[in-house]
Amino acid sequence: QVQLVESGGGLVQAGGSLRLSCAASGTVSSVKTMRWYRQAPGKERALVASIISGDSTNYADSVQGRFTISRDNAKNTVYLQMNSLKPEDTAVYYCNVLIQVYGSSVTYQYWGQGTQVTVSS
């Protein structure tokens, strides 16, 4: 069994910052690509940022230069530092992690429970 637990969402004024965390626990043998998605009301879930095991990162154009994704491999945790937040960043943020579990050579995809980020103008 693998669990992903997110934390760090909340309400912030425009221009403020938040830091999201997503920790994987359980029968985790190896963590591969880690991603953050977000879903605003009435919109489809969209990729925000990703980081592979070699620490190569990619960002959506809308957050480039404002958000930073990072990972702590010892803690099986991915972070999303969000600066200069805008009202249009308001959404539920989900982590998505590719994990190889103990006893298997297959990589499985797991989702966090989601955390609300609300940016007021």
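The notes below deal with the structure included here. (Residues numbered from 1 in each chain as written. Predicted model: local features only at pLDDT ≥ 70, side-chain atom pairs only at ≥ 80, totals over all residues. Heavy atoms only, no water.)

## As for the side chain of Arg-71
(1) Moving on: Note on placement: Arg-71 falls in strand S7 (residues 67–72).
(2) Moving on: In this structure, Arg-71 is buried with no salt-bridge partner, the nearest side chain bearing the opposite charge being Asp-55 at 4.6 Å.
(3) Moving on: Within the local environment of Arg-71, its side chain forms a polar contact with the backbone oxygen of Val-31, the two atoms lying 3.2 Å apart.
(4) Moving on: At 2.9 Å, the side chain of Arg-71 forms a polar contact with the backbone oxygen of Lys-32.
(5) Moving on: Filtering out sequence-adjacent residues up to four positions away, Arg-71 remains in contact with Val-31, Lys-32, Met-34, Ile-51, Ile-52, Ser-53, Asp-55, Thr-77 and Val-78. (Helix = DSSP H or I, 4+ residues; strand = E, 2+ residues; numbered from the N terminus. Buried < 20%, exposed > 50% of the residue type's maximum accessible area, 1.4 Å probe, protein only. Lys, Arg positive; Asp, Glu negative; His and termini not counted. Salt bridge = Lys/Arg side-chain N within 4 Å of Asp/Glu carboxyl O. Polar contact = N/O pair within 3.5 Å; in protein donor to acceptor, adjacent residues only side chain to side chain. Contact = heavy atoms within 4.5 Å.)

## Quick word on the state of the cysteines
(1) Moving on: Applying the stated criterion across every chain, the model contains one disulfide.
(2) Moving on: The partner cysteine of Cys-22 in its disulfide is Cys-95, sulfur to sulfur 2.0 Å. As the torsion about the S-S bond is roughly 55°, the Cys-22-Cys-95 disulfide counts as right-handed. Remark: Cys-95 occurs in strand S9 (residues 91–101) and Cys-22 occurs in strand S3 (residues 18–26); sequence separation between them is 73 residues. Of the two residues examined, Cys-22 and Cys-95, each falls in the buried class. (Disulfide = S-S within 2.5 Å.)

What is shown is where atoms sit, not what they do.
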